[in-house]
Amino acid sequence: MKKLTNAVLIVVLSSSFALVKAQEEKRDSLKTKEIQGVVVTALGIKKEKRALTYSTQEIGGDALVKVKDANPMNSLSGRVAGVNISRSSSGIGGSVKVTLRGQSSSRNNQPLYVIDGVPITNSTPSQPGSIFGDEGGSRDGGDVLSLINPDDIENINVLRGAASAALYGSQGANGVILITTKKGKSGKVSLNFNSNITAESAAYYPKLQYEYLATNPGQGGTSWGAKGSTEDYAKKFFKTGLTSINSVSLSASNNIFSSYLSYANTSSNGVIPTSRMNQNNFTFRETVNLFGDKLKVDASVNVSEQRFHNRPGNGLYLSPLVGLYAFPRGENYDDYTTNFERLNTQNYIKEQNIFNNAAFTSDIEQNPYWLLNRAATDENNKRAYMKGSISYVATDWLTFQARASYDYVNRNYKRRLYAGTTPVLAHKFGRYISENSVDTQWYTDIIATANKSFGKFDVSAVLGASRNDFKLGDLTFADSGFDKPGQGLKIPNYFVLGNFVGTEGIGNSIGTDKETKSVFGSAQFGFDKAIYLDVSARNDWSSALSESFFYPSVGLSTILNKYIDFGDTVKFLKLRGAYAQVGNDIPSFIQGNLSSTYGKLTGGVIQEPAVSSYPGIALKPELKKSWEAGLEARLFNNRVNFDFTYYLSNTTNQYFEINAGSNIYGVQRWAVNGGDIESKGIEASLNVIPFKDDNFEWSSTINFGTNKSYVKSLSDFLRQADGTVTATLTPLDNSFQYILKEGSRFGTIMVKQLAKDANGLAIFDNSSGTPTPVSLGMQEAGTPFPDWNAGWVNTFNYKNFTLNVVIDGKMGGKAVSTTQAMLDQAGVSQATADARNTNNGQILVSDGKGNNYNISAKEYYNAVGGRDGYTSEYVYDLSNFRLAEFSLGYNFIPKNSFIQKANISIVGRNLFFIYKKDKNIPFDPNVVSSTGEAFQGIEVFSQPSTRSIGVNLSVNF
């Protein structure tokens, strides 16, 4: 594959350079024009791109809406070098996991998001964390980014390194994504309408068999029975989803006022029955320029609302796919569909109509339609975001600015489990779960900016202070509970707080309550418009810590072609390097938390503190020290643009929690610092315009990035009895565990290893007369993170036609499928049918002593499969390349019409895989069960990812 990839790149680049040269010779009239681009950097400060001493990459807002996604971050996949985008398996409106330059933290690797210069907190209230999922459902609670209207975005600038993010101090360890929103366009009034309608189909899920029937027909159970035929239950269950995203915006501007107003609605019915989502976004922004543009006032407000019914989750407890995939072959599927409940004539309560499957214990397998109708969820998420700024131009070189923002997010979640739900999950009269959480953030800053020239010298400086006050996860919860004393409902299926038997499950808790005060400054010294020196410093005082911390950075760049004549071919060549220190703050209520002041309130009782800093040891924020060096080039009259970066970082003072054991404070876990995680790699971006004339233009961009993150050391508190040093991110769950291990790649998947002989045959011990697999215990299976990723973006314009194609992919990374293991044990996977159709249904195994013998496919998969089976047999390689986006459109430019222009396009997303290293992988390798830091590298009955095809209409008036 590596040779093939290199060959393809060579052919593409060689062809592109040849075409560019041919075009240059053909079109002598093409004039040289050096691009003097201006980009938005930290704190919303605009700088010339040529003057930057660090790596950055900008994506225009138009690229984000060519093939729309409800979460705009998903549209960055393949478009930015070195950025890894992982979509949530919860589908539309779900959260997204974004990592810049790999994993470097034990607790948080998501970048900081900044909108119009102001940081926001991209929080999520819930993420899956175990194979079973909690009793309320293993769910993705979404994130703030999913509440943003993609049509409001002017552009996104990705600051990947610590040097570019140093001015954000303890928030900037994982890089920064800067989002600039739209405002009124100067000198005109315009009305824009866009409608995007797509149909979704369930595209990537396990291969199931329908040629072998139930083991005991008419009695449910497994499907290891006789040969036969039956209908495809999965195809009958999944439906065609429909998503529409409609938006309208009005923009107006003159010399004084600039106005922008927009409204958007997203409506989606998913591929799983009853799953639906509706979202509304309203944005208003007004900018006023007074006193000859010396005083500028900018204010905006954004209001969003999301409503979900039955947002898809994963895990064994409450995923409808458990019962669907394992439905005993040959049974009457329609009876369980239309009659998912039946009346109990003794208590006159409608109960679940459920089959019994011996391979699936009764606590996890339920009727899919019962779960969708009688264990349904409802979510209502609301966000109000207000921001204002005022700037004053004091002189031609000095400007003062003050900004303030308030962000309010309210999330309401409810699940109603009716009487008849498995007793492991609910009381005999049902169960009611209600959660209401509030996130708030106040941000203010004041900044002075100076720009002055002295002959060949240019000086720009920034000095400011900020205050960031936020409270996350202010949660009020109510859970009626199980069939235990003091829990449950008094009246069956009456879901109100007044029907609770007791108050044990009612309470309040706060996740984060923190204030950070900062002072910061930066200066850039330029000489001859070619040599630039950057220095910056920031000091943070966090309420979570007992002392302040200082974060410096320095960078240097030189435009070489200013002093060296490279000929007409090289029009711009810049060499740059930078060093920076940034941090990652610790959670609230940890430092010296030895009392119950900030404990969880449950049932009217304040609980003892769960976590505190180790007595006598002050906690520190994580500290990242980062180096980077890069080269930028523009060749052939800007027809070829190249950007290359090498980076190396070490992040120390990692945050860990260890078992506190018995202590006088009642603390469950001690928080400690320690360890060093090293991350290094390269990023490269190549943009080529191979062909361009009056009718046709082809623009091609290749983005490429590698990353290797290693755990060089961990805290000595984490040393195990066998001498290894490990930190548990996901505890041992059946036969899966996810850890950090000293000396290994970041994120180690641990699996139950099946012993194999030299020929790769499974070793079974038959000394007792019953073949039994030989276990090698828990062994390392790899990391879920790729070695490298890449994207290829192509745009073709021919007269009024436009074709856009995005191919993205990654190489490396592993994941375990509990789904496949359980389907194999139940005899419903296609793999088990193939085994029964081969070698008379016998599988060759070894006794480990040089002797081979056959056992039946049923014996093999019953022993190896299952949720607590040999997970080493269910590890899949995530390497893949796919056609991620496709759009083919036509631009209408009417004459003498109130319509300025219009475009209609055929669009598609996640269309097909061009390459998959593991052909039989039973899930989409680009989707994750959790966008958090834990529960990586595993898939458990997740919603299938979808293929989307539709139409996009855009009209500008």
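Coordinates for the structure precede this section.
This report concerns the structure included in the present document.

Quick notes on the rules
Each residue is numbered by its place in its chain's sequence as written, counting from 1. With the structure being a predicted model, the display of local features is reserved for residues of pLDDT at least 70 and the display and counting of side-chain atom pairs for 80 or more, all residues being used for whole-chain, interface and lining totals. No hydrogens and no water enter the side-chain calculation; it runs on all heavy atoms of the structure. By the criteria applied, helices consist of DSSP H or I runs no shorter than four residues and strands consist of E runs no shorter than two, each listed in order from the N terminus. Note on contacts: a residue pair qualifies if any of its non-hydrogen atoms lie within 4.5 Å across the two residues. Two strands qualify as a pair provided that DSSP identifies no fewer than 2 bridges between them. Lines fitted to C-alpha atoms define the axes here, with helix axes fitted over just the stretch in contact, and angles between the N-to-C directions of these axes take values from 0 to 180 degrees. Points on a 1 Å grid, built from protein atoms alone, make a cavity when a 1.4 Å probe fits but cannot get out and make a pocket when they are open with protein on both sides within 12 Å along at least 5 of 7 lines; residues with an atom within 4 Å of a point are the lining residues. Grid points are joined across faces, edges and corners, and a volume is the space filled by probe spheres set on the points. Basically, the charged four are Asp, Glu, Lys and Arg, the nonpolar ten are Ala, Val, Leu, Ile, Met, Phe, Trp, Tyr, Cys and Pro, and anything else, Gly included, counts as polar. Each salt bridge in this description consists of a side-chain nitrogen of Lys or Arg and a carboxyl oxygen of Asp or Glu lying within 4 Å of one another. Note on exposure labels: buried denotes an accessible area under 20% of the residue type's maximum, exposed denotes more than 50%, and partly exposed covers the range between, all computed with a 1.4 Å probe on protein chains only.

Take serine 846: it is sitting in strand β43 (residues 842–846). Look past the residues within four positions of serine 846 in its chain and what remains in contact with it is Asp757, Leu761, Ala762, Ile763, Phe764, Asn851, Asn852 and Tyr853.

Here we come to the sheet that holds strand β42 (residues 814–817). Spatially, the 3 strands line up as an open sheet ordered β45-β42-β49, and their pairing is mixed. If you trace the sheet from one side to the other, it starts and ends with β45 (875–877) and β49 (938–939), each paired once. Sheet topology note: the β42/β49 ladder contains 2 bridges and is parallel. Note that in β49 the partner of valine 816 across the bridge is isoleucine 938. Against the sheet, helix α8 (residues 818–826) makes contact with β42, β45 and β49, and its axis sits at roughly 35 degrees relative to β42, the strand it touches most.

The next subject is empty space enclosed by the protein. Per the counting criterion, the structure on display carries 10 cavities of 30 Å³ or more. Within this model, the largest cavity holds a volume of roughly 610 Å³. Taken together, 40 residues make up the lining of the largest cavity; nearest its centre are Asp69, Gly91, Ile92, Glu200 and Thr946. Sort the elements by how many residues they give to the lining of the largest cavity and strand β47 (residues 901–916) lands first, with 4 residues. Among the residues forming the lining of the largest cavity, the class breakdown is 11 nonpolar, 22 polar and 7 charged. Its boundaries defined by the atoms lining it, the second largest cavity holds a volume of some 310 Å³. Together, 31 residues line the second largest cavity, and Phe923, Asp924, Val927, Val928 and Ser929 are the ones closest to its centre. Elements with a minimum of two residues in the lining of the second largest cavity: β4 (83–88), β42, β48 (927–928) and β49. A breakdown of the residues in the lining of the second largest cavity according to their chemical character gives 17 nonpolar, 9 polar and 5 charged.

Moving on, we get to the pattern of salt bridges. Considering all chains together, one arrives at 44 salt bridges under this definition. For the salt bridge of glutamate 341 with arginine 374, the shortest nitrogen-to-oxygen distance reads 3.0 Å. Of this pair, glutamate 341 sits in strand β15 (residues 341–344) while arginine 374 sits in helix α7 (residues 368–374); the two residues are 33 residues apart in sequence, bridging distant segments of the chain. Arginine 374 gets classed as partly exposed once you look at its relative accessible area, which sits at 21%.

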